[in-house]
Amino acid sequence: MVPPQARRAGSPGAAPTAHSGRGTAIRPPAASRLRRSLGRTGVIDICLAVAVGLCVLAVHDVPYLLRHSFWVDEAWVAETVRARIGLTPSLASSTPLGWTFLLRLVPFGGPERLRLVPLGFAALAAATGYLFGRELRLTPFVTGILTGAAALLSPAMLVRDDLKQYTAEAFACLVLWLLVARIENEWRLWRLITIAATASVGMLFANTVIFVGVAAMASLALECLVTRHYRRLAEVAAASAGMLVVSLAIYLTLVRPQITHNLVTYWAPFYMPTRSASAALSFVNLELHRLAPYMGFPLVVDAVLALAGIAALIWLRRFALAAMFPIMLAIAIAASAAREYPFGDLRTSTFWLVMVPVLMAVGVAAAGRLAARIDRRAPLVVAAVALAVWVPVTDTYIRSHPIPNEDVHSEVTYLDAHFRPGDVVIVSYGASFGFAYYYPQAPSFPVGDGPNGHVVAYPQLPWMVVMTARRAVDIANALAAARAKIAAESAGARGRIWIVRSHQTRTEIRAWRRDLAGDRVRTIHVGPDPILELPP
């Protein structure tokens, strides 16, 4: 069977071109061109893409997202909306600046409404997954539904309910795969420029998009060599140069300066060792096995099914798409060896993990196309069987609640309702970022040893003691400062000491227990993190 080929402009069967009396082509009006380019099939495709995207509302527990308190890793992202806008680039740290600014635009949903941003990108990723399958031009609608469902129900995406940019990285990755599929259908210089612009300017919203962009350009160059389109190879080289210049400028001005020592230390276990080849291979093997469940199956099964998808792309003569995933994965591993990317972490791996189920879906769609030689209804049967297998595999992650159970919000709500003049408040280091977001009074963010290079402070509130470190001595100092503030009040005005804590280390737990052993302490269970009250 001859593999399906994309229809080229000017090929037999393409739409006829009108000519003037002088023989020059007459360009139809824009509205007419749009109607002709969409047609009934195009409208159905758009509606299906939107429907697939909206399915995120069914597979993610949206009420849970909009009521669950931010935990510490989300809180230091959320607090950026409380700061003056000029401080946002510094507070954003490793979070892309454009993505961080989007948080300020969410108009509804309560305090946890900011999670609608990653949810929105998850919807866009699923819709783009459908459009990617459509561009492969296998079985109409069926291929798109398969690839869209693969992106929608990818375990790596289903667990990404937290306030982080990783669903945006998956969306950007899928957009580039879609753009490569489109340029394989019909080569146009502007499409190549679009790929370069998406991969470079896209870094404002998704850091890892440049990895995918480099893989896309390398794959297109490889296809040009295989198909002997050497003029196109020069165009790819020029577009790649522009892409790298812009991305390097963004990296050096907006990304690199905000990577703190704390972040580098935190990600250190995910940097591939370079002391020996055996150490490097052992690291990659271990991390891939650890991530395998989030691809869908055990690693061997994941690899076989992904390779089947790559083989299907080769059968379709889509050499660029076939080469993209191996090159993309190799770039991520190389970046890990260079200590620029934490390979193996589930969150930062989302962008490439989502492509494994998508490749599996491509393989299924190709099998359905081959089976159509026997019966034209076979693609539907093959797709139904594949979905009947895939949905139960991912059922564990559907509407799951993966966000750590830390609840500074409840502590702040209780404190705000019961605080009286004369009271003093101690906020632990781990709770300070959530406190800065939820507490009604606006904080300041001086430079300090926080994950984003800043700490929380309330210089205008004399009753507030906010810890900027978490050692035992810091706890002793915070208690001493609070007691000194209480002692400075007149006898009749002395209030209570409130202690707001969250995300504690074992050292902190032992230190609090030791330093409060001789005090009358009231533990108020307002959530998983109780608030403490020390009466006067």
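Before any of the text, the structure's been laid out above.
Please read these numbers as outputs of a predicted model, since none were measured by experiment. (Residues numbered from 1 in each chain as written. Predicted model: local features only at pLDDT ≥ 70, side-chain atom pairs only at ≥ 80, totals over all residues. Heavy atoms only, no water.)

**Student:** Can you walk me through the overall build of the chain in this structure?
**Tutor:** In terms of regular secondary structure, the chain is built from 24 helices and five strands. Along the three orthogonal principal directions, the C-alpha set of the chain runs to about 100 × 50 × 50 Å. In the chain, which comprises 536 residues, the proportion classed as buried is 53%. Within the chain, residue pairs in contact and separated by at least 24 positions form 72% of the contacts whose partners lie at least 6 positions apart. Accessible surface, the chain as shown: approximately 23,800 Å² in total, 64% of it carbon and sulfur. Charged side chains of the chain number 50 positive and 33 negative; the gap between the two group centres comes to 10 Å. (Helix = DSSP H or I, 4+ residues; strand = E, 2+ residues; numbered from the N terminus. Buried < 20%, exposed > 50% of the residue type's maximum accessible area, 1.4 Å probe, protein only. Contact = heavy atoms within 4.5 Å. Areas by Shrake-Rupley, 256 points an atom, 1.4 Å probe, with all protein chains shown as cover. Lys, Arg positive; Asp, Glu negative; His and termini not counted. Charge placed at Lys NZ, Arg CZ, Asp CG, Glu CD.)

**Student:** Whenever I open this one, the packing of helix 11 (residues 189-201) against helix 13 (residues 230-255) confuses me. Can you help?
**Tutor:** A pair of packed helices is captured by two measures, namely the crossing angle of their axes and the spacing between those axes. Orientation of helix 11 relative to helix 13, taken along the N-to-C sense of each, is 20 degrees, at an axis distance of 8 Å. Here helix 11 is positioned roughly parallel relative to helix 13, judged by the angle of their axes. Along this stretch, helix 11 crosses helix 13, giving a crossing that reads as right-handed. Facing helix 11, whose interface residues are Leu189, Leu192, Ala196, Ala199, Ser200 and Val201, helix 13 presents Glu235, Val236, Ala239, Met243, Val246, Ser247 and Ile250. (Axes fitted to C-alpha atoms, helices over the stretch in contact; angles between N-to-C directions. Parallel < 35°, antiparallel > 145°, perpendicular 65-115°, else oblique. Left-handed = near helix turned anticlockwise from the far one by under 90°.)

**Student:** I keep staring at the sheet that holds strand 3 (residues 497-500) and nothing clicks. Help me out?
**Tutor:** The strands making up a sheet associate through backbone hydrogen bonding, with each pair oriented either parallel or antiparallel. Taken in spatial order, the five strands line up as 2-1-3-5-4 in an open sheet, and their pairing is mixed. Each end of this open sheet is capped by a strand with a single partner; those strands are strand 2 (464-466) and strand 4 (522-524). Strand-to-strand twist of the sheet, defined as the mean angle between neighbouring strand axes without regard to direction, takes the value 20 degrees. Contacts from helix 22 (residues 429-438) reach strand 1 (424-427), strand 2 and strand 3, with the element oriented near 110 degrees to strand 1. (Pairing = 2+ DSSP bridges.)

**Student:** Would you mind showing me how to read a nonpolar patch on the surface here?
**Tutor:** A grouping of Ile46, Val50, Leu54 and Leu57 is seen on the molecular surface, where their side chains present a nonpolar patch of about 360 Å² in accessible area. No other element matches the three residues that helix 1 (residues 30-54) contributes to the nonpolar patch. For Leu57, a relative accessible area of 48% corresponds to the partly exposed category. (Patch = residues over 30% accessible without salt bridge, like charges linked within 9 Å, V, L, I, M, F, W, Y side chains within 5 Å. Salt bridge = Lys/Arg side-chain N within 4 Å of Asp/Glu carboxyl O.)

**Student:** Hey, could you run me through the pairing of strand 1 in this one?
**Tutor:** Moving residue by residue along a regular strand, the side chains alternate between the two faces of the sheet. Side-chain alternation along strand 1 places Val424 and Ile426 on one buried face and Val425 and Val427 on a second face that is also buried. Strand direction decides the pairing type here: strand 1 and strand 2, joined by three bridges, are parallel. Note on strand 2: the bridge partner recorded for Val427 is Val466. Running through helix 22, the crossover from strand 1 to the neighbouring parallel element strand 2 is right-handed. (Right-handed = clockwise from strand over helix to strand, strands pointing away.)

**Student:** Explain the packing of aromatic side chains to me, please; I cannot follow it from the model alone.
**Tutor:** Given two aromatic rings, one states the distance between the centres and the angle between the planes to describe the pair. Applying the stated criterion to the full structure yields 21 aromatic pairs. Grouped by ring-pair contacts, the aromatic residues Phe283, Phe325, Phe343 and Trp352 constitute a single cluster. (Phe/Tyr/Trp six-rings, centres within 6.5 Å; stacked < 30°, edge-to-face > 60°.)

**Student:** So what exactly am I meant to see when it comes to the nonpolar core here?
**Tutor:** A general tendency of soluble globular proteins is for nonpolar side chains to be buried together. The biggest cluster of nonpolar side chains holds 152 residues, and the ones touching the most others in it are Trp177, Met328, Trp352 and Phe435. With 13 residues, the single largest contributor to this core is helix 10 (residues 166-185). Not counting chain neighbours up to four residues away, the residues in contact with Trp177 comprise Phe132, Val212, Leu321, Met324, Phe325, Met328, Met355 and Leu359. In terms of nonpolar packing, the next biggest core, distinct from the first, is built from 16 residues, Leu479, Ile486, Leu516 and Leu532 among them. (Core = buried A, V, L, I, M, F, W, Y, C linked by side-chain atoms within 4.5 Å.)

**Student:** Can you walk me through the packing of helix 16 (residues 299-315) against helix 17 (residues 319-337) in this structure?
**Tutor:** Contact geometry for helix 16 and helix 17: axes closest at 7 Å, N-to-C directions at 155 degrees. Taken together, the axis directions place helix 16 and helix 17 in an arrangement best described as roughly antiparallel. In the packing of helix 16 onto helix 17, the handedness of the crossing is left-handed. Where helix 16 abuts helix 17, its residues Ile310, Leu313 and Ile314 lie against Phe319, Leu321, Ala322 and Pro326. Taken together, the residues of the contact of helix 16 with helix 17 break down into seven nonpolar, no polar and no charged. (Nonpolar A, V, L, I, M, F, W, Y, C, P; charged D, E, K, R; others polar.)

**Student:** Explain the pattern of salt bridges to me, please; I cannot follow it from the model alone.
**Tutor:** Charged atoms that come close allow side chains of opposite charge to pair. Tallying each qualifying case throughout the model produces 21 salt bridges. With its nearest N and O atoms 3.3 Å apart, the salt bridge here joins Glu135 to Arg182. Placement of the pair is Glu135 in helix 7 (residues 116-135) and Arg182 in helix 10, with a sequence separation of 47 residues. A residue is classified by how much of its surface remains accessible, and Glu135, at 4% relative accessible area, is buried.

**Student:** Please clarify how the environment of Phe132 should be interpreted in this entry.
**Tutor:** Examined against the element boundaries, Phe132 turns out to sit in helix 7. In this structure, the C-alpha to C-alpha distance between Phe132 and Ala280, residues 148 residues apart in sequence, is 34 Å. Setting aside residues up to four positions removed in sequence, Phe132 forms contacts with Thr147, Trp177, Leu178, Ala181, Leu321, Val358 and Val362.

**Student:** Please clarify how the environment of Leu146 should be interpreted in this entry.
**Tutor:** Residue position: Leu146 is located in helix 8 (residues 142-152). Using a relative accessible area of 5% as the deciding quantity, one classes Leu146 as buried. Discounting chain neighbours no more than four positions away, the residues touching Leu146 are Ala361, Val364, Ala365, Ala383, Ala386 and Leu387.

**Student:** Even after reading the chapter, I still don't get unusual backbone geometry, so can you show me in this structure?
**Tutor:** With the exception of glycine, the majority of residues adopt a negative phi angle, and the majority of peptide bonds are in the trans configuration. In this structure, Ser93 takes a positive phi of about 55 degrees despite not being glycine. You can see Ser93 is positioned in the loop between helix 5 (88-92) and helix 6 (97-102). Assessed through its relative accessible area of 4%, Ser93 is described here as buried. Although it is not a glycine, Phe141 adopts a positive phi angle of roughly 70 degrees. Note on placement: Phe141 falls in the loop between helix 7 and helix 8.

**Student:** Help me understand the side chain of Glu184, please; the structure alone is not making it clear to me.
**Tutor:** If you trace the backbone, Glu184 turns up in helix 10. We classify Glu184 as buried; its relative accessible area is 7%. A distance of 3.4 Å separates a polar atom in the side chain of Glu184 from a polar atom in the side chain of Arg318. From its side chain, Glu184 meets the backbone nitrogen of Phe319 in a polar contact 3.5 Å long. (Polar contact = N/O pair within 3.5 Å; in protein donor to acceptor, adjacent residues only side chain to side chain.)

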